[in-house]
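# Inside the fold
The residues making up each chain are set out below.
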Amino acid sequence: MIFGRSERGKPPVEPVTLKILVAGGFGVGKTTLVGAVSEIKPLRTEELLTEAGRPVDDTSGVEGKHTTTVAMDFGRITLREDLVLYLFGTPGQDRFWFLWDELATGSLGAVVLADTRRLEDCFAAVDYFERRSIPFVVGVNCFEDAARYPADTVRQALDLDPDVPVVLCDARDRESVKEVLIGVVQHAMASASDRRQALTT
């Protein structure tokens, strides 16, 4: 099937659309992740980093970064002919946090992207989703010059609940990112099922 049309002789399929957030610290790879997997040209709201922003934007560990997302990234991926994900990448700096509540409205779940060289940068995103009971998966973006740690070590360092999935990924690789997104959908569905069971017992 081509998006929006069905094969000849088959009735058109109206896909279920799901909204997923991609969050994390400054320079962790959110824009890269959305761009790697989106089947449309991603909408990006990147601006050049300026000298005036130097006291505000901490580029430690990401000295090669020259742009920053100031509103959101947006992309789309069709996992099956009846399942489409809309991806919203959040801005990483504290001064853009006021946008998060708008972006989070109606979301199925989230990816918290983490960099083991600056793991503390994703604490705020983890806290945000935990406080709002939004299911999330931690995706450890395996940068080439970063030390590799087992998923359980990252889980302990972030003090995550046992049911929160932690997956190693490459934000540049489409197949790797698809696995992370499938993990978000599965985790969100399992969380919803657990909530329904809790209400009936």
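For the structure itself, look to the data block above.
Residues numbered from 1 in each chain as written. Predicted model: local features only at pLDDT ≥ 70, side-chain atom pairs only at ≥ 80, totals over all residues. Heavy atoms only, no water.

## Details of the packing of helix α1 (residues 30–37) against helix α5 (residues 174–200)
For clarity, the threshold we go by: Each axis is a line fitted through C-alpha atoms, taken for helices only over the stretch in contact, and angles between the N-to-C directions span 0 to 180 degrees. Only runs of H or I of at least four residues qualify as helices and only runs of E of at least two qualify as strands under DSSP, and these elements are numbered from the N terminus. Roughly parallel means an angle under 35 degrees; roughly antiparallel, over 145; roughly perpendicular, 65 to 115; everything else is oblique. By definition in these notes, contact holds between two residues if any of their heavy atoms fall within 4.5 Å. Residue classes follow a fixed rule: Ala, Val, Leu, Ile, Met, Phe, Trp, Tyr, Cys and Pro count as nonpolar, while Asp, Glu, Lys and Arg count as charged, and any other residue, Gly among them, counts as polar.
At their nearest, the axes of α1 and α5 sit 9 Å apart, and the two run at 100 degrees to each other. Relative to α5, the element α1 lies roughly perpendicular. For the pair formed by α1 and α5, the contact residues are Leu33, Ala36 and Val37 on the first element and Arg174, Val177, Lys178 and Leu181 on the second. Residue composition of the contact of α1 with α5, grouped by class: five nonpolar, no polar and two charged.

## A closer look at a negative patch on the surface
In plain terms, the rule: To count toward a patch, a residue needs a relative accessible area above 30% and no salt bridge. Like charges then connect within 9 Å, nonpolar side chains (Val, Leu, Ile, Met, Phe, Trp, Tyr) within 5 Å. Only the protein chains shown count as cover for residues, and the accessible areas themselves come from Shrake-Rupley with a 1.4 Å probe. A pair is scored as a salt bridge if a Lys or Arg side-chain nitrogen falls within 4 Å of a carboxyl oxygen belonging to Asp or Glu. Only four residue types enter the tally: Lys and Arg on the positive side, Asp and Glu on the negative side, with His and both chain ends excluded. Think of each charge as sitting on NZ of Lys, CZ of Arg, CG of Asp or CD of Glu.
Residues Glu130, Asp159, Asp161, Asp163 and Asp194 make up a contiguous surface patch of negative charge. Counting through the fold element by element, Glu130 comes out in helix α3 (residues 123–131).

## Concerning the sheet that holds strand β7 (residues 136–141)
Heads up, the rule is: Pairs of strands are assigned from DSSP output, requiring at least two bridges between the strands.
Spatially, the six strands line up as an open sheet ordered β4-β5-β1-β6-β7-β8, and their pairing is mixed. What marks the edges here is a single partner per strand, and that holds for β4 (73–80) and β8 (166–169). Between one strand and the next, the sheet's axes are offset by a mean angle of 25 degrees, whatever the strand orientation. Taken together, the four bridges between β7 and β8 define a ladder with parallel strand orientation.

## Some thoughts on the pattern of salt bridges
The criterion, for reference: Exposed residues in this analysis have more than 50% of their type's maximum accessible area, buried residues have under 20%, and partly exposed residues fall in between, with area computed by a 1.4 Å probe over protein chains only.
Applying the stated criterion to the full structure yields twelve salt bridges. The residue Arg132 makes a salt bridge to Asp101 at a minimum N-O spacing of 3.5 Å. Taken together, the residues Arg132 in the loop between α3 and β7 and Asp101 in helix α2 (residues 100–104) connect sequence positions 31 residues apart. In this structure, Asp115 and Arg118 form a salt bridge, with 3.3 Å as the shortest nitrogen-oxygen distance. A residue is classified by how much of its surface remains accessible, and Arg118, at 7% relative accessible area, is buried. Salt bridges here are not isolated pairs; linked through shared partners, they connect Asp115, Arg117, Arg118, Asp121 and Asp145.

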